[in-house]
Structure formats: C-alpha cells, structure tokens
Amino acid sequence: TAGVVNVTDAAKDVCVGIALNDATAGHPVTYAESGAVVGFGAILTVGIWYCISATGLIAPVADLATSDYISYVGYGITTSNMQVRIINTGLKFA
C-alpha cells in the first residue's frame, strides 16, 4: 500500500516514486519512478536536488528541517523538468 512519505518517521520515510495525479484513499495513483523525466511547469531550479518535505510535497533539500529524514526524488534539468532519481538515504538532515 502506498501513502505519503513521512520525513519525521524512519519507518515511513521510503519513497518509491512521484505521484502524477491526485488520488483519494482507495483509488489508483499514477507515479513516476527513477529514470523518468517529469514536467512541473516553471517552478524548478536547474541543478538543485529536490526531496520530500514535511508536508509530503516536493521541496528543495535546503527546505528540510533539522532531523527530517532525507528522501531525494530528483533534480531540475530545466526550470520545468525534473530527472527523477529516488534515493532513500535513511539519514537525517543536519
């Protein structure tokens, strides 16, 4: 069963992909895995790594709070596209 990653709980800080649609509980979700290129609109910075934030959304790594677990999801390859690279580090942000 998939759910939202929880960056404050090591047992729930495992990312398998980026959701591409809003799915309610019990309904299917489409997601992108490592290797995919995903368009987000002009909201990314080229070369910046993005991770899962405390709200379960995608954010720059610098936005994590101290002691949040780090799950990288990818990096900006243009201002609109992300190269998805899921890395569940098991490490806390310092």
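Look up: the structure comes first, before these words.
No experiment lies behind these values; they were computed from the predicted model shown.

Parameters and conventions
- Residues numbered from 1 in each chain as written.
- Predicted model: local features only at pLDDT ≥ 70, side-chain atom pairs only at ≥ 80, totals over all residues.
- Heavy atoms only, no water.
- Helix = DSSP H or I, 4+ residues; strand = E, 2+ residues; numbered from the N terminus.
- Buried < 20%, exposed > 50% of the residue type's maximum accessible area, 1.4 Å probe, protein only.
- Contact = heavy atoms within 4.5 Å.
- Core = buried A, V, L, I, M, F, W, Y, C linked by side-chain atoms within 4.5 Å.
- Pairing = 2+ DSSP bridges.
- Axes fitted to C-alpha atoms, helices over the stretch in contact; angles between N-to-C directions.
- Phe/Tyr/Trp six-rings, centres within 6.5 Å; stacked < 30°, edge-to-face > 60°.

Student: Before we move on, can you summarise the side chain of Ser 53 with the specific residues and values?
Tutor: Along the chain, Ser 53 falls in the loop between β4 (49-52) and β5 (58-60). Ser 53 gets classed as buried once you look at its relative accessible area, which sits at 12%. Filtering out sequence-adjacent residues up to four positions away, Ser 53 remains in contact with Val 7, Ala 59 and Leu 64.

Student: Describe the nonpolar core, naming the residues involved and giving the relevant values.
Tutor: Nonpolar side chains in soluble globular proteins generally cluster together in the buried interior. Counting residues in hydrophobic clusters, the biggest one holds 13 residues, and the most contacted among them are Cys 15, Ile 52, Val 73, Met 82 and Val 84. For this core, the elements supplying multiple residues, two or more each, are β4 and β7 (81-92). Per-element accounting of this core gives the leading share, three residues, to β7.

Student: Give a description of the sheet that holds β5 that names residues and reports values.
Tutor: Strand order in this open sheet of five strands is β3-β7-β6-β4-β5, and the pairing throughout is antiparallel. Both edges of this open sheet fall to β3 (37-39) and β5, since each of them pairs with a single strand only. If you compare each strand with its neighbour and ignore which way they point, the axes differ by 45 degrees on average. Strand direction decides the pairing type here: β3 and β7, joined by three bridges, are antiparallel. By the bridge assignment for β7, Val 38 is matched with Met 82.

Student: Would you mind going over the packing of aromatic side chains in detail, with residue names and values included?
Tutor: This structure, assessed with the given rule, holds two aromatic pairs. Ring centres of Trp 49 and Tyr 72 lie 5.4 Å apart, and the angle between their planes is 70 degrees; this geometry places the pair in the edge-to-face category. Placement of Trp 49 in strand β4 and of Tyr 72 in strand β6 (residues 69-76) is noted, with a sequence separation of 23 residues between them. A relative accessible area of 22% places Tyr 72 in the partly exposed class. With centroids separated by 5.0 Å and ring planes inclined at 55 degrees, the aromatic side chains of Trp 49 and Tyr 75 adopt a geometry described as tilted. Taken together, the residues Trp 49 in strand β4 and Tyr 75 in strand β6 connect sequence positions 26 residues apart. Ring-pair connections join several aromatic residues into one group, and the members of that group are Trp 49, Tyr 72 and Tyr 75.

Student: Could you give me a rundown of the pairing of β6, with the residues and numbers involved?
Tutor: Most of β6 is tucked away, with six of its eight residues classed as buried. Looking at chain direction, β4 and β6 are connected through three bridges and run antiparallel. Counted as the bridge partner of Trp 49 is Tyr 75 from β6. Across six bridges, β6 lies against β7 in antiparallel orientation. If you follow Ser 71 over to β7, its bridge partner there is Asn 88. With antiparallel pairing between neighbouring strands as the criterion, β6 and β7 make up a hairpin whose turn holds four residues.

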